[in-house]
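Structural overview for review
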Amino acid sequence: MKIRYFLCALLVIVLVSCGGGEAKKVESAEKKQAQLLTMEQCDGYVKATIQDPWNDGKVLHTYILVPRDSAMPKQLPEGTVVRTPIQNALVYSEVHTSLMRELGGFGAVKGVCDANYYTDAQVLSGVKAGTIADCGNSMSPTIEKVIAMKPDAILLSPYQDASYGQIEKMNIPIIECADYLEYTPLGRAEWVKFYGALLGKSVQADSLYDAVAGRYLAIAEKAATAKSKPSVITEMVISGVWAVPGGNSYMAKIIADAGGDYPWAADKSTGSLSLDFNQVLAKAQKADFWFVKWTGINSLADLQSQYDLNKSFEAFKQKKVWACDTEKSHFFVRVPFHPDLLLSEFAAVLHPELFPDVKTEFYYNLK
């Protein structure tokens, strides 16, 4: 599909059936990127359906979002009813508290889990002051603290065959944040609309997504005009295993949209391939660029110290290795709902002649 046509198609709106009547789909047919999320504006509520990532054709969860200031509709479809905007949320992940701030809904964050992993100064100061409850470990929250804060929603990331223990018995809406399981950059970013609906910030969410998608597509269109298509590999061998992104994965999509050639592009996997070092070397030794996400790699010598044969790659020899220190950067917090930032960096590294003014935020060249 032509990028220009795609941008025009963002304005298309379609109608779908909802509870026996007509309802306007929140996202258009052409615009919709999320594979796991569907949102429908019905009479007096929004129906959000999340597909089960592990079982094709099955639903993981259905949410019925009813405005807090309106009467409860008499006839509702099956699903977990959530009064919106949520006002007293327990949030398990910094990526979601960060997004809530960006949407103007940070005031709803009243509790967090795994506070020791947060870098957000506002969350940490709130925990210290006692205005944000520290509910302990996300795998086993401190139930007494959860009860005391009386959350009206619990935002957590689901996993296969998940069991949430005692909190499942507390009659509190559990919001399963499956956005991280989307395998396209804009697919994940589009989940901002779901969180916007939960927070009563749909206008802000739509605006944010449209801006991100517009920038992403513009970068991809420009990168497509490049005269060269350098080959790219990512990550590295750790404990004998190299987690290589599958050909239909998030990272493979970023590489393709940045104007790069990916050695595993023909693979159909949306997750990672568990390969050994020799398998990667045999297929991608001549790759032009190498992108690595890890902590404490500040030089080529550091990369070689991780595994001596890393020096065998052409990208290493040509000093075209780019690293992201995930401990120092905010990669995992910023990128999920702003994939345009990551695409911009990849495109600028691969095609500096097209993007001369881009300054990298996450990746730096190892010398």
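Structural notes, computed from the coordinates.

**Notes on the overall build of the protein chain**
Each helix and strand in the protein chain was counted, giving 13 helices and 18 strands. Relative to the globule expectation of 21 Å for 367 residues, the C-alpha radius of gyration of the protein chain, 22 Å, shows essentially globular dimensions. Taken along its principal axes, the extent of the C-alpha atoms in the protein chain is 65 × 50 × 40 Å. Scored against the burial criterion, the 367 residues of the protein chain give a buried share of 50%. If you take every contact in the protein chain between residues at least 6 apart in sequence, the share linking residues at least 24 apart comes to 56%.

**Details of the nonpolar core**
Ranked by internal contacts, the top residues of the largest apolar core, which has 100 residues, are Leu-155, Trp-191, Phe-194, Tyr-195 and Trp-290. Sort the elements by how many residues they give to this core and helix H7 (residues 202-223) lands first, with ten residues. Ile-143, Met-149, Leu-156 and Ile-174 belong to the second largest nonpolar core, which has 13 residues in total.

**A few points about the packing of aromatic side chains**
The final tally for this structure, using the stated rule, is 19 aromatic pairs. Aromatic side chains Trp-191 and Tyr-195 sit 6.4 Å apart centroid to centroid with 40° between the ring planes, which places their arrangement in the tilted category. Under the relative-accessibility criterion, Tyr-195 is labelled buried at 3%. For the ring pair Phe-277 and Tyr-307, a centre distance of 4.8 Å and an interplane angle of 50° mean the geometry is tilted. Here Phe-277, found in helix H9 (residues 277-284), pairs with Tyr-307, found in the loop between helix H10 (300-306) and helix H11 (314-317); they are 30 residues apart in sequence, far enough to count as distant. Every member of this aromatic cluster is reached through a ring pair, and the members are Phe-291, Phe-331, Phe-332, Phe-346, Phe-362 and Tyr-363. Geometry around Phe-355 places Lys-222 over its ring, the cationic atom sitting 5.2 Å from the centre.

**Points about the sheet that holds strand S7 (residues 89-91)**
Read from one edge to the other, the open sheet built from five strands follows the order S9-S8-S7-S10-S11, with strand pairing classed as parallel. Because the sheet does not close on itself, it has two edges, and the strands there are strand S9 (133-134) and strand S11 (174-176). Here strand S8 (residues 109-112) runs beside S9; their pairing, made up of two bridges, is parallel. If you follow Val-112 over to S9, its bridge partner there is Asp-134.

**Some points on the pattern of salt bridges**
A complete count under the given rule lists nine salt bridges for this structure. Residues Arg-101 and Asp-120 are paired through a salt bridge, measuring 2.7 Å at the closest nitrogen-oxygen approach. You can see Arg-101 sitting in helix H2 (residues 94-102) and its partner Asp-120 sitting in the loop between S8 and helix H3 (121-129), a full 19 residues away along the chain. For Glu-361, the salt bridge is made with Arg-334, and the minimal N-O distance between the two is 3.4 Å. Remark: Arg-334 occurs in helix H12 (residues 331-334) and Glu-361 occurs in the loop between helix H13 (339-350) and strand S18 (363-365); sequence separation between them is 27 residues.

**Quick look at the sheet that holds strand S16 (residues 289-294)**
The sheet built from four strands is open, its strands ordered S12-S16-S17-S18 with mixed pairing. Whereas interior strands pair on both sides, the edge strands pair on one side only; in this sheet they are strand S12 (232-234) and S18. The mean angle between the axes of side-by-side strands here comes to 25°, regardless of whether they run parallel or antiparallel. In this structure, strand S17 (residues 321-325) lies alongside S18, joined through three bridges in antiparallel fashion. In the sheet register, Ala-323 faces S18, and the bridge partner there is Tyr-364. In this fold H13 packs onto S12, S16, S17 and S18, with an angle of close to 145° to the strand it touches most, S16.

**Quick look at the pairing of S16**
The buried fraction of S16 is high, at five of six residues. Bridging between S12 and S16 involves three bridges; their strand directions are parallel. By the bridge assignment, Val-232 is partnered in S16 with Phe-289.

**Focus on the packing of helix H6 (residues 192-199) against H7**
The description of two packed helices rests on the angle between their axes and on the distance between the axes. Closest axis-to-axis distance for the H6/H7 pair is 7 Å, and the angle between their directions is 165°. Viewed along their axes, H6 and H7 adopt a mutual orientation that is roughly antiparallel. Between H6 and H7 lies a crossing whose hand is right-handed. Each of Val-192, Lys-193, Gly-196 and Ala-197 in H6 lies in contact with H7, whose residues at this interface are Ser-202, Ala-205, Asp-206, Leu-208 and Tyr-209. Of the residues contributing to the contact of H6 with H7, the split by class is five nonpolar, two polar and two charged.

Scoring rules and cut-offs
Residues numbered from 1 in each chain as written. Predicted model: local features only at pLDDT ≥ 70, side-chain atom pairs only at ≥ 80, totals over all residues. Heavy atoms only, no water. Helix = DSSP H or I, 4+ residues; strand = E, 2+ residues; numbered from the N terminus. Rg over C-alpha atoms; globule rule 2.2 N^0.38 Å. Buried < 20%, exposed > 50% of the residue type's maximum accessible area, 1.4 Å probe, protein only. Contact = heavy atoms within 4.5 Å. Core = buried A, V, L, I, M, F, W, Y, C linked by side-chain atoms within 4.5 Å. Phe/Tyr/Trp six-rings, centres within 6.5 Å; stacked < 30°, edge-to-face > 60°. Lys NZ or Arg CZ within 6 Å of the ring centre and 35° of its normal. Pairing = 2+ DSSP bridges. Salt bridge = Lys/Arg side-chain N within 4 Å of Asp/Glu carboxyl O. Axes fitted to C-alpha atoms, helices over the stretch in contact; angles between N-to-C directions. Parallel < 35°, antiparallel > 145°, perpendicular 65-115°, else oblique. Left-handed = near helix turned anticlockwise from the far one by under 90°. Nonpolar A, V, L, I, M, F, W, Y, C, P; charged D, E, K, R; others polar.

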